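# An overview of the molecular structure
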Amino acid sequence: MFLDEYKKWLDSNMLSASEKEELKSIANNEKEIESRFYTDLSFGTAGMRGVRGIGRNRMNKYNIRKATQGLANYIIKETGEVGKKKGVAIAYDSRLDSVENAINTAMTLAGNGIKVYLFDGVRSTPELSFAVRELKAQAGIMITASHNPKEYNGYKVYWEDGAQIVDPQATGIVSSVEAVDIFNGIKLMEEKEAIDKGLLVYVGEKLDDRYIEEVKKNAINPNVENKDKVKFVYSPLHGVAARPVERVLKEMGYTNVYPVKEQEKPDGNFPTCDYANPEDTNVFKLSTELADKVGAKICIANDPDGDRVGLAVLDNDGKWFFPNGNQIGILFAEYILNHKKNIPENGTMITTVVSTPLLDTIVKKNGKKALRVLTGFKYIGEKIRQFENKELDGTFLFGFEEAIGYLVGTHVRDKDAVVASMIIAEMATTFENNGSSIYNEIIKIYEKYGWRLETTVPITKKGKDGLEEIQKIIWIKPTLLRPPYGSHNKKIDNMAKKTIVMWNVDSLDWKNRNVKKNLSTALKQVQPGSIILFHDIHQPSVDTIDSLIKELKKQWYEFVTVSELLQEHTDIEKKVCFGEFKCCLLYTSDAAD
């Protein structure tokens, strides 16, 4: 099949001569042909991301046009003329092909009569989120692959609230994209015609000014003393965040900032770091060398699209310490709770199910609320919208995910490294004024609330073979990621040992639907040696937990609840640590091997 697709693309009159030459160059490499053509590049619920190149499973202008046509069809179907006039904001980062991809996105939208606001140069992901809200656009598109290697590019979709799409928009847009023919279903318009018809408007400096203005409003203590005395080293890792971060730091009075010149300018080749990810301590080599030279104690680094921030700080022995995403997150939480004035009674901090449970402890001991959402910052953005619409009781204080993504304020609905970098500078200065440091404050948090050992291990598996290898290591059936209604009556085959199965069960539905019966049926299908994660998207009631435990006792399962696990300090605790019944870990005896 993939060879037929290869020939279809090679024979298409849509491809340029140079693009056909690229395909001809792999004619004798069946493995590469398979990699490019065995499947379509997936457009998921947050957009798409892939290796750049020609092919149906590659990031290129044809897949960009297909995705945009699908989005355009959805906007027109669901919002009509209103959505077309509200338009779509588009930004792009410094990655290779980002400009071309942004132009193709804009011209496809214009071809469908949808107004486009296109940034006049590279911008960060949080500024795109801000632009959607500021312009009152119907949607937004960010051309970026975040921190992935230089071979990648991507396409993220935002809705009118400035957050990445969630249901019902997510599934609707995905279906709409899948229905588009990649070569024959696209409507395009030339740039000049789009400008003449008022369908293409370039935006830039005015939005920059408004964005920075709103970022600065989120300082916890804008008048902290000695701002000009603390030294910082800063690197955008060849991305787009240098201009906004350096500007906001300067305007807030943090004038002792030393940029890493080798990494300051946008460059999609990432010449000094193959993997421009601030979670990787190797990217701090140039930063720490400069810090040692100038006498700085803290290094700040952003990823290429400016939505994530990592740190290197000196410890008490004068050695460089690299706090992980969870440690930076709890540092933010403790600082905000201790220093922010007039926190409302329903003040709420939000994180994801894979982030440290220590946040819940910190927030609750300070008399505030903590919420957990599924993995992905879009779910944090969704909760902010629900707070504002009074669908949920809460006032947003802070959100984070363990993958070094943080948000203070509601000016955007995605993680924002610009505001995070500003708050980090404020925290570091405050701690310095008090004779402390970021390192010491993290230690104090552990001493106050309890010690945690947490780490993340990135594992990269490339291509079709990599996907198959991942599926052998861990098998997650997509239908199991929804409440276990009728779908669980189907037979579950080929379950690998130590399979992980997750149920997102809404406790409000526990009594209203036949969940328990289907859960019982599903458990009989799961093989010994499985780990079962029971996650309730609401705070689960005691009745819900009791019902689950009774159901499990009917099966052959031996299991341990999280509370028991924490009391017994078993070996499993060293590997997995969840919060008090917000996630319930249930495992068989074989799974502890």
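Residues numbered from 1 in each chain as written. Predicted model: local features only at pLDDT ≥ 70, side-chain atom pairs only at ≥ 80, totals over all residues. Heavy atoms only, no water.

## With respect to the overall build of the protein
- Helix and strand counts for the protein come out as 21 helices and 18 strands.
- Evaluated residue by residue, the protein yields a buried proportion of 56% over its 593 residues.
- A sequence separation of at least 24 residues applies to 71% of the contacts in the protein between residues at least 6 apart.
- Only carbon and sulfur atoms are counted for the fraction: they give 49% of the accessible area of the protein, which is about 26,000 Å². (Helix = DSSP H or I, 4+ residues; strand = E, 2+ residues; numbered from the N terminus. Buried < 20%, exposed > 50% of the residue type's maximum accessible area, 1.4 Å probe, protein only. Contact = heavy atoms within 4.5 Å. Areas by Shrake-Rupley, 256 points an atom, 1.4 Å probe, with all protein chains shown as cover.)

## A few points about the packing of aromatic side chains
- Across all of its chains, the model carries 18 aromatic pairs by this definition.
- When the centroid spacing of 5.6 Å and the interplanar angle of 75 degrees are considered together, the rings of Tyr62 and Phe183 count as edge-to-face. Residue Tyr62 is located in helix H4 (residues 61-86), and its partner Phe183 is located in the loop between helix H7 (169-178) and helix H8 (191-196); the two are separated by 121 residues in the primary sequence.
- For Tyr62, a relative accessible area of 1% puts it in the buried group.
- Among the residues examined, Phe183 registers a relative accessible area of 10% and is labelled buried.
- Judged by centre distance (5.0 Å) and plane angle (20 degrees), the rings of Tyr446 and Trp451 are stacked.
- Above the ring of Tyr254, the side-chain terminus of Lys227 is found at 5.5 Å from the ring centroid. (Phe/Tyr/Trp six-rings, centres within 6.5 Å; stacked < 30°, edge-to-face > 60°. Lys NZ or Arg CZ within 6 Å of the ring centre and 35° of its normal.)

## Points about the pairing of strand E2 (residues 88-92)
- Most of E2 sits out of view: 5 of its 5 residues are buried.
- Side chains Val88, Ile90 and Tyr92 of E2 all project onto a buried face; the interleaved residues Ala89 and Ala91 project onto the opposite face, where all are buried too.
- One crossover worth recording links E2 to the parallel strand E3 (residues 116-119) by way of helix H5 (residues 98-111), and it is right-handed.
- Pairing analysis gives 5 bridges linking E2 to strand E4 (residues 139-143), with the strands arranged parallel. Its bridge partner being in E4, Val88 is matched across the sheet by Ala139. (Right-handed = clockwise from strand over helix to strand, strands pointing away. Pairing = 2+ DSSP bridges.)

## Quick notes on the sheet that holds strand E5 (residues 152-159)
- Strand order in the open sheet formed by 6 strands is E1-E5-E4-E2-E3-E6, with mixed pairing between adjacent strands. Only two strands of the sheet have a single partner each, and these edge strands are strand E1 (47-51) and strand E6 (200-203). Strand-to-strand, the axes of this sheet are offset by a mean angle of 15 degrees, without reference to chain direction.
- With 4 bridges joining them, E4 and E5 adopt antiparallel strand pairing. The residue bridging Ala139 from the neighbouring strand is Trp159, located in E5. (Axes fitted to C-alpha atoms, helices over the stretch in contact; angles between N-to-C directions.)

## Some remarks on the side chain of Lys368
- Topologically, Lys368 is positioned in the loop between helix H13 (358-365) and strand E13 (369-373).
- Glu345 is the oppositely charged side chain nearest to the buried, salt-bridge-free Lys368, at an N-O distance of 4.3 Å. (Lys, Arg positive; Asp, Glu negative; His and termini not counted. Salt bridge = Lys/Arg side-chain N within 4 Å of Asp/Glu carboxyl O.)

## Regarding the sheet that holds strand E10 (residues 309-314)
- Across the sheet, 5 strands lie side by side as E8-E7-E9-E10-E11; this open sheet has mixed pairing. Only two strands of the sheet have a single neighbouring strand rather than two, namely strand E8 (257-259) and strand E11 (320-321).
- Running at roughly 160 degrees to strand E7 (residues 232-235), helix H10 (residues 242-251) makes contact with E7, E8 and strand E9 (298-302) of the sheet.
- Contacts between helix H15 (residues 417-433) and the sheet are confined to E7, E9 and E10, with E9 contributing the most and set at about 175 degrees to the helix.

## A word on the packing of H13 against helix H16 (residues 438-449)
- In the contact formed by H13 and H16, the axes pass within 11 Å of each other and the chain directions differ by 75 degrees. As the angle between them shows, H13 and H16 are arranged roughly perpendicular. Of H16, the residues touching H13 (which contributes Leu358, Thr361, Ile362 and Lys365) are Ile445, Tyr446 and Tyr449. (Parallel < 35°, antiparallel > 145°, perpendicular 65-115°, else oblique.)

## Section: the confidence of the model for the protein
- Per-chain confidence: the protein averages 84 in pLDDT, with 79% of residues scoring 70 or above.
- This model gives residues 525-542 a pLDDT under 50, and the stretch forms 73 contacts once residues within four places in sequence are excluded.
- Confidence drops under a pLDDT of 50 for residues 555-593, and excluding neighbours within four residues, the segment shows 95 contacts in the predicted structure. (pLDDT = per-residue confidence, 0-100.)

## Topic: H10
- For H10, the full list of buried residues reads Ala242, Pro244, Val245, Val248 and Leu249.
- Buried residues in H10 make contact with helix H9 (205-216), E7, E8, E9 and H15.
- Of the residues flanking the end of H10, it is Gly253, one or two places downstream, whose phi is positive at about 100 degrees.

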